[in-house]
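Structural overview for review
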Amino acid sequence: MIILKTKNELTSYLSGLNSKFSIGFVPTMGALHKGHLALLLQAKKQCSVVVCSIFVNPTQFDSKEDFNNYPNTLSADITQLEKINCDVLYNPDTSDLYRSEEKAKHFDFNGLENEMEGKYRKGHFDGVATIIEKLFTLIKPQKAFFGQKDLQQLLIVKALTKKLNFPVEIIGVHTVREKNGLAMSSRNKLLNKEQLKRASLLYKSLFFCKENKETKTIAELKKIIHTQFSNYDDITLEYFEFASANSLQTISSFQEKGKNTICIAAFVGGVRLIDNIIF
Ligand code: PAF
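One structure accompanies this document, and this report is about it. Predicted model only: the values in this text are computed from it and were never measured.

Basis of the calculations
- Along each chain, residue indices are assigned from 1 in the same order as the chain's sequence is written.
- It should be noted that, the model being predicted, local features are given only for residues of pLDDT at least 70 and side-chain atom pairs only at 80 or more, the latter also being counted only at that level, while totals for whole chains, interfaces and linings use all residues.
- Note: side-chain values were computed over all heavy atoms of the structure, leaving out hydrogens and water.
- By convention in these notes, a residue is near a molecule or strand provided one of its non-hydrogen atoms lies within 4 Å of it.
- Side-chain atoms alone can form a polar contact between residues adjacent in sequence; in general such a contact is a pair of N or O atoms within 3.5 Å, and within protein one must be able to donate a hydrogen while the other accepts it.
- Values of accessible area rely on a 1.4 Å probe in the Shrake-Rupley scheme; residue burial ignores everything except the protein chains shown.
- Paired strands are those between which DSSP finds at least two bridges.
- In this description a helix means any DSSP run of H or I spanning at least four residues, a strand means any run of E spanning at least two, and both kinds are numbered starting from the N terminus.
- Axes, fitted as lines to C-alpha atoms, cover a helix only where it is in contact. Angles between the N-to-C directions of the axes lie from 0 to 180 degrees.
- For classification purposes, an angle smaller than 35 degrees is called roughly parallel, one larger than 145 roughly antiparallel, one from 65 to 115 roughly perpendicular, and anything else oblique.
- In this scheme, a crossing is called left-handed if the near helix is turned counterclockwise away from the far one by less than a right angle; it is called right-handed if the turn is clockwise.
- Residues are treated as being in contact if the distance between any of their heavy atoms lies within 4.5 Å.
- Partly exposed describes any residue whose relative accessible area lies between the buried limit of under 20% and the exposed limit of over 50%, with all areas from a 1.4 Å probe on protein chains only and scaled to the type maximum.
- What counts as a disulfide here is a pair of cysteine sulfur atoms lying within 2.5 Å.
- Centre distance within 6.5 Å is the pairing criterion for rings of Phe, Tyr and Trp, where only the six-membered ring of Trp is used; planes under 30 degrees apart are then read as stacked, over 60 as edge-to-face, and the remainder as tilted.

1. Some points on the site of the ligand
Neighbouring the ligand are the residues P27, T28, M29, N57, Q60, I131, F146 and Q153. Q60 has a polar side-chain atom sitting 2.6 Å from an oxygen atom of the ligand. Contacts to the ligand include Q153, whose side-chain N or O atom sits 2.7 Å from an oxygen atom. With the chains in place, 88% of the 290 Å² that the ligand exposes on its own is no longer accessible.

Quick look at the structure:
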């Protein structure tokens, strides 16, 4: 695997590729886990050259503390990337992608950016869209791979691609879960053993609602879930929203099969986790 630290190195590597090569791109912030590996394996399957980026993007964090605490496991990440034969790792410093004092651009995605994560993490999607625009412009991938765990991010990236006319296909890849249902996330590395067990409540509550959708209303299900979460001292529910899987607009009754989603954000011992289910 080639490890590149700068835009210039990356551009000169990519310009040397034969135009018949298709580039598959997997953007990450590192602390790689099986969810990332699923994205990379899809990219390997579908493209001839796979570029992975590891860059903890400062503009998408609404809290300095969250940014500073983001796990960093670079040497283990490199070992994992080499094991699956990733072709290129782009691992720049902030100064390679941002001018000093540069802030996120402001984007309008017809309100999608203001739902759920947008409500609780102000400016988050401006930061995500800013870095993805920079990376797509630089790498010019034919396909880019994103996890469905970050459903709203996946929809925002699709909207960004359309808005800016990037000739890239955005591929959503299924969430990879621990045995207890907990969605794989870099943030799980910040949880202790007990918290890892208790964090399975997020997926269990999503699954419970999916399983009971025929017999209970959305309002009833919401009430049950909020009561359940209130029984735990170290788990705080931030939101539990029933929405249309395409627009993330809130719904008050279920739509046809495959068009419903429930999205959740909760703090487990101070670590913020998100998950969703589509049904
Ligand atoms: O999902 C992530 O890890 C990040 O939001 C991304 C897509 C790499 C942009 O910084």
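2. Some thoughts on the sheet that holds strand β2 (residues 23–28)
Within a beta sheet, neighbouring strands are joined by backbone hydrogen bonds and run either parallel or antiparallel to one another. One open sheet accounts for six strands, arranged β1-β4-β3-β2-β5-β6; its pairing is parallel. Both outer strands of the open sheet, β1 (2–4) and β6 (169–173), are each paired with one neighbouring strand and no more. In this sheet, adjacent strand axes meet at a mean angle of 25° when their direction is disregarded. Across five bridges, the pairing between strand β5 (residues 143–147) and β6 is parallel. Counted as the bridge partner of K143 is E169 from β6.

3. A closer look at the packing of helix α10 (residues 200–211) against helix α11 (residues 218–230)
It is at 10 Å that the axes of α10 and α11 come closest, and there the two elements cross at 160°. Looking at the two axes, α10 sits roughly antiparallel to α11. By crossing handedness, the relation of α10 to α11 is classed as right-handed. Taken together, the residues of α11 that come into contact with α10 (itself represented by L201, L202, S205, F208 and C209) are L221, I224, I225, Q228 and F229.

4. Description of the pairing of strand β9 (residues 271–278)
Within β9, seven of the eight residues are buried, which leaves it mostly tucked inside the rest of the structure. Sheet analysis places strand β8 (residues 260–268) next to β9, joined by eight bridges and oriented antiparallel. The residue of β9 that forms the bridge with A265 is I274. The turn joining β8 and β9, which pair antiparallel and follow one another in sequence, is formed by two residues; a positive phi near 50° is taken by G269.

5. Observations regarding unusual backbone geometry
Of note, the phi angle at A31 is positive, near 50°, even though the residue is not glycine. Structurally, A31 can be placed in the loop between β2 and α2 (34–46). With relative accessibility at 1%, the residue A31 sits in the buried group. Located in the positive-phi region is E101, a residue other than glycine, with phi close to 70°. Residue position: E101 is located in the loop between α5 (94–97) and α6 (116–120). Among the residues examined, E101 registers a relative accessible area of 66% and is labelled exposed.

6. Some points on the state of the cysteines
By the definition in use, this model includes zero disulfides. Not part of a disulfide, C86 finds its nearest cysteine sulfur in C52, a span of 5.2 Å. A relative accessible area of 3% places C86 in the buried class.

7. Some points on the packing of aromatic side chains
Two numbers describe a pair of aromatic rings. These are the distance of the centres and the angle of the planes. What the rule picks out here adds up to eleven aromatic pairs. Judged by centre distance (6.2 Å) and plane angle (75°), the rings of F25 and F136 are edge-to-face. Here F25 is found in strand β2, whereas its partner F136 is found in helix α7 (residues 124–139), with 111 residues between them in sequence. Residue classification places F25 among the buried positions, given a relative accessible area of 0%. Among the aromatic residues, ring-to-ring pairing joins F240, F242, F254 and F279 into one connected group.

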